[in-house]
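# Residue-level structural notes
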Amino acid sequence: MGLDKKELIVQTATNLFRKKGYLGVGISEILTECNLSKGGFYHHFPNGKEELLITCLNSMNEVITQDIKEIFGRYQTTQAAIQAMLEELIIQFDRDETIIGYTFNSIVSEIGSVSERVREACEDSFTKIQEIYSAKLMADGYSKEEANSFALMMTATIEGGIMLCLTKKTSEPLQTIASLLPNTLKVV
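Every value quoted in this text rests on a predicted model; they were computed, and no experiment measured them.

### A closer look at the overall build of the chain
Within the chain, the secondary structure is distributed over eight helices and zero strands. A total of 188 residues make up the chain; the buried ones form 45% of that total. In the chain, 68% of the contacts between residues at least 6 apart in sequence involve partners at least 24 apart. Accessible surface, the chain as shown: approximately 9,800 Å² in total, 52% of it carbon and sulfur.

This is the structure we're talking about:
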């Protein structure tokens, strides 16, 4: 069974936003890709493109956090889990020359030009990722404060590494991070 129209719009827009950024994609392009009228689009997204972007970000957030939870659930320590996650990202980049579903930056790189609601959706996504990391770190014996600090550092490092991979067109930045980051996470 195929996607319903709203799911098709979200999936199509997410792919376009990833490739071109939020400002690089117009409603008309989304309509053409989805074979949809303006009325059909606004039926699903009465508040327009920004509402669609927030829906796309929320959808990505669910997929990303579920993937991270699954990876972190398979390993006893944060060190092993982060190593496995980085290895999966490297494999994906080397195979596809991109990293789909693990970064919001490609969609909202022009964050200064989007609304507070979009900024909040991005903040929520990064907060959820950091909470997964932090919980695993606390299970490893880190204090809440230390776990939160390391979780922030891990999120920033991985997100930055992904963007460097996309910019440089090589997985080398994530390979470097994979060789260094897990070593900073010793079991307490």
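### Details of the packing of helix α7 (residues 144-168) against helix α8 (residues 172-180)
Close contact between α7 and α8 brings their axes to 7 Å; oriented N to C, the two are set at 150°. Taken together, the axes of α7 and α8 lie roughly antiparallel to each other. Taking contact as the criterion, the partners of Thr157, Ile158, Gly161, Ile162, Leu164, Cys165 and Lys168 in α7 are, on α8, Pro173, Leu174 and Ile177. Considered class by class, the residues forming the contact of α7 with α8 number seven nonpolar, two polar and one charged.

### A few points about the nonpolar core
One finds Phe72, Ile82, Met85, Leu86, Tyr133, Ile158 and Leu174 to be the most contacted residues of the largest nonpolar core, which totals 30 residues. Sorting elements by how many residues they give to this core places helix α5 (residues 78-96) first, with eight residues. Core analysis: the second largest hydrophobic core is formed by 22 residues, Leu16, Tyr22, Val25 and Cys122 among them.

### Brief notes about the packing of α5 against α8
Contact pair α5 / α8: the axes reach a minimum separation of 9 Å and the direction vectors enclose 165°. Relative to α8, the element α5 lies roughly antiparallel. You can see that α5 and α8 cross each other, and the crossing is left-handed. Between α5, through Gln83, Leu86, Leu89, Ile90 and Asp94, and α8, the contact on the second element is made entirely by Leu174, Gln175, Ile177 and Ala178. A class-by-class count of the residues in the contact of α5 with α8 yields six nonpolar, two polar and one charged.

### With respect to the pattern of salt bridges
Counted by the stated rule, this structure contains six salt bridges. A salt bridge links Glu116 to Arg119; the shortest N-O distance between them is 2.6 Å. Highlighted residues: Glu116 and Arg119, both in helix α6 (residues 116-139), separated by three residues, approximately one helical turn. Among the residues examined, Glu116 registers a relative accessible area of 45% and is labelled partly exposed. You can call Arg119 partly exposed: its relative accessible area is 33%. Where Glu123 meets Arg119, a salt bridge forms, and the shortest distance between an N and an O atom there is 3.2 Å. Residue Glu123 and its partner Arg119 are both found in helix α6; the two are separated by four residues, about one turn of the helix. Counted as one network, the salt bridges with shared partners bring together Glu116, Arg119 and Glu123.

### Thoughts on unusual backbone geometry
In this structure, Asn35 is a non-glycine residue whose phi angle is positive, near 50°. Within the secondary structure, Asn35 sits in the loop between α2 (27-34) and α3 (38-44). With a phi close to 60°, Lys169 is a non-glycine residue in the positive phi region. Among the secondary structure elements, Lys169 is positioned in the loop between α7 and α8.

### A few points about the packing of aromatic side chains
For the structure on display, the rule yields five aromatic pairs. Ring plane angle 90° and centroid distance 5.0 Å describe the contact between Phe41 and Tyr42, whose orientation is recorded as edge-to-face. Positioned above the aromatic ring of Phe45 is the side chain of Lys6, whose terminal nitrogen or guanidinium carbon lies 5.3 Å from the ring centre. Of note, Lys49 hangs over the ring of Tyr22, and the distance from its end group to the ring centre comes to 4.4 Å.

Criteria and cut-off values
Residues numbered from 1 in each chain as written. Predicted model: local features only at pLDDT ≥ 70, side-chain atom pairs only at ≥ 80, totals over all residues. Heavy atoms only, no water. Helix = DSSP H or I, 4+ residues; strand = E, 2+ residues; numbered from the N terminus. Buried < 20%, exposed > 50% of the residue type's maximum accessible area, 1.4 Å probe, protein only. Contact = heavy atoms within 4.5 Å. Areas by Shrake-Rupley, 256 points an atom, 1.4 Å probe, with all protein chains shown as cover. Axes fitted to C-alpha atoms, helices over the stretch in contact; angles between N-to-C directions. Parallel < 35°, antiparallel > 145°, perpendicular 65-115°, else oblique. Nonpolar A, V, L, I, M, F, W, Y, C, P; charged D, E, K, R; others polar. Core = buried A, V, L, I, M, F, W, Y, C linked by side-chain atoms within 4.5 Å. Left-handed = near helix turned anticlockwise from the far one by under 90°. Salt bridge = Lys/Arg side-chain N within 4 Å of Asp/Glu carboxyl O. Phe/Tyr/Trp six-rings, centres within 6.5 Å; stacked < 30°, edge-to-face > 60°. Lys NZ or Arg CZ within 6 Å of the ring centre and 35° of its normal.

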